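Now for the letters of each chain:
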Amino acid sequence: MSIFKSADILIPQNINFSKWSVVACDQYTSEPEYWKEAQRLTDGSPSALNIIFPEVYLNSGNDDERIAKINSTMEEYVSSGLFCELKDSFVYVERTQSDGRLRRGLIGAVDLEEYDFSKGSQSKIRATEGTIIERIPPRQRIRKNALLELPHIIMLIDDRENAVIEPLDGEKRDFEKLYDFDLMMDSGHLTGYRVNESAKNRIISQLEKLEDGETFEEKYGVRDKGVLAFAVGDGNHSLATAKTCWEEIKKSVPESERENHPARYALVELMNIHDNALEFEPIQRVLFGVDAKKLIGELMAYYPGASYDNNGGQKIRFTYGGTEGTVYVKDAPSNLPVGTLQKFLDKYLAENGGRIDYIHGDDVVRRLAAKPDTIGFMVDPMKKNDLFATVIKDGSLPRKTFSMGEAADKRFYLECKRIK
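Residues numbered from 1 in each chain as written. Predicted model: local features only at pLDDT ≥ 70, side-chain atom pairs only at ≥ 80, totals over all residues. Heavy atoms only, no water.

**Section: the nonpolar core**
If you look at the biggest cluster of nonpolar residues, it comprises 55 residues, and the most contacted ones within it are Met155, Leu156, Phe230 and Leu239. Tallying contributions element by element places helix α6 (residues 197–210) first for this core, with five residues. In contact with Met155, other than residues within four places in its own chain, are Val110, Ile125, Phe230, Ala231, Val232, Gly233, Leu239, Val268, Glu269, Leu270 and Met271. Within the second largest apolar cluster, 53 residues are counted, among which are Ile67, Leu267, Phe412 and Tyr413. (Core = buried A, V, L, I, M, F, W, Y, C linked by side-chain atoms within 4.5 Å. Buried < 20%, exposed > 50% of the residue type's maximum accessible area, 1.4 Å probe, protein only. Helix = DSSP H or I, 4+ residues; strand = E, 2+ residues; numbered from the N terminus. Contact = heavy atoms within 4.5 Å.)

Pasting the structure below:
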């Protein structure tokens, strides 16, 4: 059996979906005005915003109160009959992005027993970026007593034959349509369908082929690397949190009951990395509370091969106070400019203090970096077709290497699943 499974999926009913569905909690972390507007738009209505913890509010002084309110609202939504439960189901989703392009995904559950986010992992489900262990405990506190999970995790498959998800476009005429609505704040459109039994069986059969060891080794020209069937595209730390929570829970669960325990499985959206609408965008860096000129000077000193002139090295652009420039780093320590940059920034922040945030969109970087004591860095995106081969051969990428699309096109919460 495939490690990507159908699930008992909860869909809200008799509600305004445009007010229910909100963007992933790790977006707009330096733009509180976005979340204030989302709150205004959803005020007084059932909304996923009431059962998630936007990261912009983390460590604001009332985390415990907010978490308790989230948990009680989950209980209230379930007990009031807000949800319809789709037993043993997949949901096929079509997302029209803000740029008008259509991307396709499939909602199901992954087995956390097949996932290992530790460095050098050979598990079938793997992180694509280094996991920052310190980021797990605050997320663990949010998930620990929660009745439900809402996924913003996007899992990728390298389906070069387009055999898993793409055929659903022609099969959907036989599916039950679950929702069809515009997303808030100019973020596109979302349509969802419940996959029927024949399509479900086809999906599982095709996924099993992707998980086959001989097929995998021939495809990537490797031996003894372990089959990488699913790569985490978005939500690395959310999935790591789900795994950490499950490892704690299963200590008190008899082995005979573990296979069907709801916390063992995490709800995710599956996408084909070859989807034409899927683009890898770079995740940029903005540092606050720093001396921009001093920082640039130390960057140049840190890398002897660094130059303001194009020497053929890795390109790192910077902006502060309306000034822009470029540093080229020759003989860089990382295969990717973002890795080279992050190596220096980690050292600088540890020695000098300051705060870093990870930002989507060069225009946002420039706007934030125009403020005093702030500097932004911008790098070019990696090629998406390199992802699987790189993770298989070299391990996980530097943290916050890429983003799948702009912030407005990130996954919006809608479906839920019980984890208790």
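**Looking at the pairing of strand β9 (residues 176–182)**
Inspection of the sheet shows β9 paired to strand β10 (residues 189–194) by six bridges, in the antiparallel sense. Looking at β10, one finds that Asp180 is bridged to Thr191. Taken together, β9 and the strand that follows it, β10, pair antiparallel across an intervening segment of six residues, in which Met185 is found at a positive phi of about 55 degrees. (Pairing = 2+ DSSP bridges.)

**Regarding the environment of Lys250**
You can see Lys250 is positioned in the loop between α8 (236–249) and α9 (255–258). Judged by relative accessible area, which is 15%, Lys250 ranks as buried. Taking C-alpha positions, Lys250 is 35 Å from Leu168, a pair spaced 82 residues apart along the chain. When residues no more than four places from it in sequence are discounted, the contact partners of Lys250 are Glu113 and Arg258.

**Here we look at the pairing of strand β16 (residues 323–329)**
With two bridges connecting them, strand β14 (residues 306–307) and β16 associate as antiparallel partners. Looking at β16, one finds that Ala306 is bridged to Val329. Pairing of strand β15 (residues 314–320) with β16, which is carried by seven bridges, proceeds in the antiparallel orientation. Each residue of the ladder has a partner; that of Ile316, found in β16, is Val327. Taking the residues that link successive antiparallel strands as the turn, the β15-β16 hairpin has two residues, and the phi of Gly321 there is positive, at about 55 degrees.

**Some words on the packing of aromatic side chains**
Inspection of every chain in the model, using the stated rule, returns 17 aromatic pairs. Between Phe17 and Tyr179, the aromatic rings sit 5.7 Å apart at their centres with planes inclined by 45 degrees, giving tilted as the arrangement. Residue Phe17 is located in helix α1 (residues 17–20), and its partner Tyr179 is located in strand β9; the two are separated by 162 residues in the primary sequence. Taking relative accessible area as the criterion, Phe17 reaches 15% and is therefore assigned buried. Of the residues examined, Tyr179 reaches a relative accessible area of 3% and is grouped as buried. Linked through ring pairs, Tyr302, Tyr303, Phe344 and Tyr348 together constitute an aromatic cluster. Across from the ring centre of Phe53, 5.5 Å away, lies the NZ or CZ of Arg66, which sits over that ring. (Phe/Tyr/Trp six-rings, centres within 6.5 Å; stacked < 30°, edge-to-face > 60°. Lys NZ or Arg CZ within 6 Å of the ring centre and 35° of its normal.)

**A word on unusual backbone geometry**
Positive phi values are uncommon outside glycine, yet Asn59 reaches one of about 60 degrees. For Asn59, the location among the structural elements is in the loop between α2 (32–42) and α3 (63–79). On the basis of relative accessible area, Asn59 is assigned to the exposed category, the value being 67%. One non-glycine residue with positive phi stands out, namely Asn162, at about 55 degrees.

**A look at helix α13 (residues 387–394)**
Turn by turn, an α-helix covers 3.6 residues, leaving residues three or four places apart pointing in a common direction. Within α13 the residues assigned to the buried category are Leu387, Phe388, Val391 and Ile392. Within α13, the buried residues cover an arc of 125 degrees as seen down the axis, which keeps them to one side. Where α13 is buried, its residues meet β6 (125–126), β8 (154–157), α7 (213–220), β11 (230–234), β13 (280–288) and β19 (402–404). Once α13 finishes, Gly395 follows within two positions and takes phi at roughly 90 degrees, a positive value. (Arc of directions from axis to C-beta.)

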